[in-house]
Amino acid sequence: MKKPLVRYSQKSVLVIEDFAEFARSLRGMMITMGSKKIDLVYNGEDAVQACKEKKYDIILSDYNLGDGKDGQQILEELISFKVLKTNSVFIMVTAENTTAMVMGALEYQPDSYLTKPFNGHILKSRLDKAIYKKDLLAPIARLERKKSWNEALEQCDLIIAENPKFKMACLRHKYVCYKALKRYDKALELTTKIVNERPIPWAMLGVGEIFFAKKEYERAIEIFNDMILEFPMVLEGYDWLAKVQYLLGRPVEAQQTLAKAVERSPKALKRQKLLGEIAEENEDIETMTSAFRQAVKFGANSAFASPDEFIKLTKSIGRQLKGNSDVDRQKLMDEAESVFSKLDNRFKNNPSVQFRSAVAHADFSSISNDEKKVDKYLSTANRLYDRIEEHMGSSESIEISESLKQLGQQELAECILEEAVEQYFDDPEFIKKAAKLTTNKNLIENSKKANQMNNKAIKFFSAKDYTQAADYFGKATQIAPNNVNINLNHVQTLLKNYQSGEKNKALLEKAESILSGITRLPFDDPRYERYSELSRLTQLILQSL
């Protein structure tokens with residue numbers, strides 16, 4: 001099939017380049033191709049904002065953008081938050097080929113790379129190829145986004161028949177669909193056949209992933225080990241190997257695997273944090289400190305930075321100080337204070353993070369025997385606690401409660417544990433840790449009762465007995481009235497009850513009342529989307545009456 005001509009006059013273009021002269025040069029090249037809708041931005045923050053406001057067809061981004069986000073971080077953010085259109089083309093422009101850049105590219109691949117200097121002819125050639133491929137495969141990507149997996153499989157076969165050149169790309173999409181449909185035998189058959197003909201990283205990874213899904217963990221380890229030997233620069237293999245090793249109770253091996261990966265690609269923030277967490281479990285404080293230090297450093301301009309790496313870094317520094325006279329104590333104490341300062345500045349408008357920081361700061365000050373600071377930060381923590389407007393996570397609640405108990409703040413620690421147990425009673429690992437910390441004998445028992453009621457309700461819901469399900473969800477909320485999951489389950493059951501035949505307006509009013517009581521759910525909480533959809537549906541039905 002002959003490639004169709006690209007009508008650049010109809011394509012919207014974003015140029016991301018901090019060097020104004022080269023930005024104008026890129027703009028000129030695009031104008032020569034016929035482009036009329038071209039926007040210029042000069043840093044990563046403006047680039048991400050521009051992409052949120054407008055869906056671009058073509059993005060040309062320099063890799064090195066000065067002190068802010070680099071091109072790779074921009075691409076990672078746009079992909080992770082699904083900002084790009086399915087057929088958007090992202091071209092990375094670079095004057096360097098550092099290891100960090102190359103390894104980052106292997107993880108979040110742009111559609112093409114261009115090394116400076118280049119001319120308009122080379123740029124057009126790369127764009128023509130990338131646009132043709134993206135447009136051709138876009139129907140599959142759109143169906144995958146809608147989770148229409150069977151239709152996506154059919155589309156793959158159609159494209160393979162008409163464009164055999166793109167067979168391998170379509171087979172990769174077929175694997176994604178088979179895996180999503182849990183058709184593991186088909187997925188394994190497809191990837192194994194490819195690997196037997198010629199080892200290809202994604203197919204080899206797929207074989208290992210399917211063995212993992214089928215709980216054949218030792219076979220998965222064998223595949224991931226082979227993959228690392230065959231393709232040492234494809235870091236997903238290390239991630240999967242570490243995941244299986246950790247699952248099988250081999251945290252030391254998992255740490256060693258992740259250490260090899262971060263050595264190759266130090267800018268991978270999530271991997272650095274995972275390495276730090278496993279090193280903490282292994283009581284390897286040196287590796288823990290190094291990993292979280294790198295996470296703080298490389299998270300400076302990342303959308304995926306969180307308070308965790310800051311708190312964990314100060315915690316690891318504190319553990320280095322404890323009973324160790326050989327370290328440069330003043331240097332470590334200065335570093336910790338600097339980390340707290342960065343944390344407080346970055347999350348200055350978040351009372352929950354400020355509270356967590358104050359507790360951690362008091363904890364660190366007790367290690368350095370600075371009683372004045374201990375009192376100061378405990379006072380700050382107590383003041384901030386009443387301003388927290390969202391639920392804290394399970395791991396954060398345990399971390400804070402442990403610190404507060406060590407600092408003699410038993411009452412505040414119990415308050416935090418009670419709230420956390422109410423939210424996370426269905427997490428057995430959390431409950432096990434909470435049971436060791438709380439002095440409230442009834443707390444854990446009540447959590448078990450709430451869990452039993454919730455499980456019974458879920459069984460009735462699965463059996464489509466919505467009346468009984470609603471009754472048991474109601475009993476569970478009497479024990480845990482603020483549990484978000486139970487309340488959302490309760491609302492969904494009431495709506496199902498109404499829709500399935502019992503057209504009782506009281507059911508809708510009850511659902512509306514429950515939803516209005518969920519006031520501590522931030523926008524970035526994974527449950528917020530479900531809460532929003534149930535609220536929309538409830539109002540829609542009420543307005544139709």
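These numbers come from a predicted model, not from an experiment.

Novice: Tell me about the side chain of Lys405, and please be specific about residues and values.
Specialist: Within the fold, Lys405 resides in helix 19 (residues 394-406). Side chain to side chain, Lys405 and Gln410 meet in a polar contact 3.2 Å long. Dropping the residues within four chain positions of it, Lys405 is found in contact with Gln410, Ala413, Glu414, Leu417, Leu437, Thr438 and Thr439.

Novice: Describe helix 22 (residues 441-462), with residues and values.
Specialist: With 22 residues, helix 22 ought to run about 32 Å at 1.5 Å a step, and its terminal C-alpha atoms sit 33 Å apart, in line with that. Within helix 22, burial applies to Leu443, Ile444, Ser447, Ala450, Met453, Asn454 and Ala457. Looking at the packing, one finds that the buried side of helix 22 touches helix 20 (410-423), helix 21 (428-437), helix 23 (466-479) and helix 24 (484-499). For helix 22, the capping residue at the N-terminal end is Asn440, with a side-chain oxygen 3.0 Å from the backbone nitrogen of Asn442. Lys464 sits one or two residues past helix 22 and shows a positive phi near 65 degrees.

Novice: Explain the sheet that holds strand 5 (residues 112-115) to me, using residue names and the numbers behind them.
Specialist: Pairing within the open sheet is parallel, and its five strands lie in the order 2-1-3-4-5. Pairing within the sheet leaves two strands with one partner each, and these edge strands are strand 2 (37-41) and strand 5. Put simply, the sheet's adjacent strands are angled 20 degrees from each other on average, direction ignored.

Novice: Lay out the packing of helix 13 (residues 269-281) against helix 14 (residues 285-298) in plain terms, naming residues and giving numbers.
Specialist: Between helix 13 and helix 14, whose axes approach to 8 Å, the crossing angle comes to 160 degrees. Classified by the interaxial angle, the pair formed by helix 13 and helix 14 is roughly antiparallel. You can see that helix 13 and helix 14 cross each other, and the crossing is left-handed. Here helix 13 contributes Leu269, Gln272, Lys273, Leu275, Gly276, Glu277, Ala279 and Glu280 to the contact with helix 14, which in turn contributes Thr287, Met288, Ala291, Phe292, Gln294 and Ala295. A per-class count over the contact of helix 13 with helix 14 returns seven nonpolar, four polar and three charged.

Novice: Help me get a handle on helix 10 (residues 217-230), residues and values and all.
Specialist: Between its first and last C-alpha, helix 10 extends 20 Å over 14 residues, near the 20 Å set by a 1.5 Å rise per residue. Tucked inside the fold, the buried residues of helix 10 contact helix 9 (201-213) and helix 11 (236-247).

Novice: Any details on the nonpolar core? Residues and values, ideally.
Specialist: Counting residues in hydrophobic clusters, the biggest one holds 44 residues, and the most contacted among them are Ile140, Cys170, Leu190, Ile194, Trp202 and Phe224. Listed by contribution, the elements that provide at least two residues to this core are helix 5 (120-145), helix 6 (149-162), helix 7 (167-180), helix 8 (184-197), helix 9, helix 10 and helix 11. It is helix 9 that contributes the most residues to this core, eight residues altogether. In this structure, Trp202 is in contact with Met168, Leu171, Arg172, Tyr175, Leu190, Thr191 and Ile194, ignoring residues within four places of it in sequence.

Definitions and cut-offs
- Residues numbered from 1 in each chain as written.
- Predicted model: local features only at pLDDT ≥ 70, side-chain atom pairs only at ≥ 80, totals over all residues.
- Heavy atoms only, no water.
- Helix = DSSP H or I, 4+ residues; strand = E, 2+ residues; numbered from the N terminus.
- Polar contact = N/O pair within 3.5 Å; in protein donor to acceptor, adjacent residues only side chain to side chain.
- Contact = heavy atoms within 4.5 Å.
- Expected span 1.5 Å × (residues − 1).
- Buried < 20%, exposed > 50% of the residue type's maximum accessible area, 1.4 Å probe, protein only.
- Pairing = 2+ DSSP bridges.
- Axes fitted to C-alpha atoms, helices over the stretch in contact; angles between N-to-C directions.
- Parallel < 35°, antiparallel > 145°, perpendicular 65-115°, else oblique.
- Left-handed = near helix turned anticlockwise from the far one by under 90°.
- Nonpolar A, V, L, I, M, F, W, Y, C, P; charged D, E, K, R; others polar.
- Core = buried A, V, L, I, M, F, W, Y, C linked by side-chain atoms within 4.5 Å.

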